[in-house]
Amino acid sequence: MSIISNMPKNFYIASSFQNIDAVRYVRDQLITKDFHHTYDWTQNSRAANLEELQRIGNAEKEAVQLADFLVVLLPAGKGSHIEFGIALANDIKIYLYSPNEDIYDMDFTSTFYHLDNVHIIVGTYEQFVEKIFMSEL
């Protein structure tokens, strides 16, 4: 007899400061569906010095490694792509949101967006959250 865990799955969201409202929306929607957010970088202000940058970087790295899945909202910044790489290296499932079909355009896409553990979703944020929820049931 196997024991099925009712533990919530952990997630981390990577994106850029310009998407902070969308990040908060997706975060809140996933939390209401009983997922656990490993770290909320939207509560930070931009780092003022190298010590703060290191502290935030360590927290974000650990949060990605603790996640069962990574959510990436495009357009994303350089830090998000590093977090994307951490998730790839740790074989963590990635849900990649694109606001448009440019993600399939060879002039705009990345090799790493098209690996097996990356799930591209184009559409509204509501559709994005619903697809994550249905995939993670």
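Here we summarise the structure given alongside this text. Please read all numbers here as calculations on a predicted model, not as lab measurements.

### Overview of the overall build of the chain
Alright, step 1. Scanning the chain from N- to C-terminus turns up four helices and five strands.
Alright, step 2. Starting at the N terminus, the α and β elements of the chain follow one another as β-α-β-α-β-α-β-β-α.
Alright, step 3. Taking 2.2 N^0.38 as the reference for a compact globule, 137 residues should give roughly 14 Å; the C-alpha atoms of the chain span a radius of gyration of 15 Å, in line with that estimate.
Alright, step 4. For the chain, the spread of C-alpha atoms along the principal axes amounts to about 50 × 35 × 30 Å.
Alright, step 5. When the 137 residues of the chain are sorted by exposure, 39% land in the buried category.
Alright, step 6. Element-wise, carbon and sulfur atoms account for 53% of the exposed surface of the chain, whose accessible area totals about 8300 Å².
Alright, step 7. Between the averaged position of the 10 positive side-chain charges in the chain and that of its 19 negative side-chain charges there is a distance of 4 Å.

### Observations concerning the nonpolar core
Alright, step 1. Counting residues in each nonpolar core, the largest one holds 37 residues, and the members touching the most others are Tyr12, Leu30, Val71, Leu73 and Phe128.
Alright, step 2. Elements with a minimum of two residues in this core: strand E1 (10–14), helix H1 (20–32), helix H2 (50–66), strand E3 (69–73), helix H3 (78–89), strand E4 (93–98), strand E5 (118–122) and helix H4 (125–136).
Alright, step 3. Among the elements that make up this core, the one with the highest residue count is E3 (five residues).
Alright, step 4. Residues within four places of leucine 30 in sequence aside, it is in contact with Phe11, Phe35, Phe69, Val71, Val129 and Ile132.

Parameters at a glance
Residues numbered from 1 in each chain as written. Predicted model: local features only at pLDDT ≥ 70, side-chain atom pairs only at ≥ 80, totals over all residues. Heavy atoms only, no water. Helix = DSSP H or I, 4+ residues; strand = E, 2+ residues; numbered from the N terminus. Rg over C-alpha atoms; globule rule 2.2 N^0.38 Å. Buried < 20%, exposed > 50% of the residue type's maximum accessible area, 1.4 Å probe, protein only. Areas by Shrake-Rupley, 256 points an atom, 1.4 Å probe, with all protein chains shown as cover. Lys, Arg positive; Asp, Glu negative; His and termini not counted. Charge placed at Lys NZ, Arg CZ, Asp CG, Glu CD. Core = buried A, V, L, I, M, F, W, Y, C linked by side-chain atoms within 4.5 Å. Contact = heavy atoms within 4.5 Å.

On their own, these measurements won't tell you what the molecule is for.
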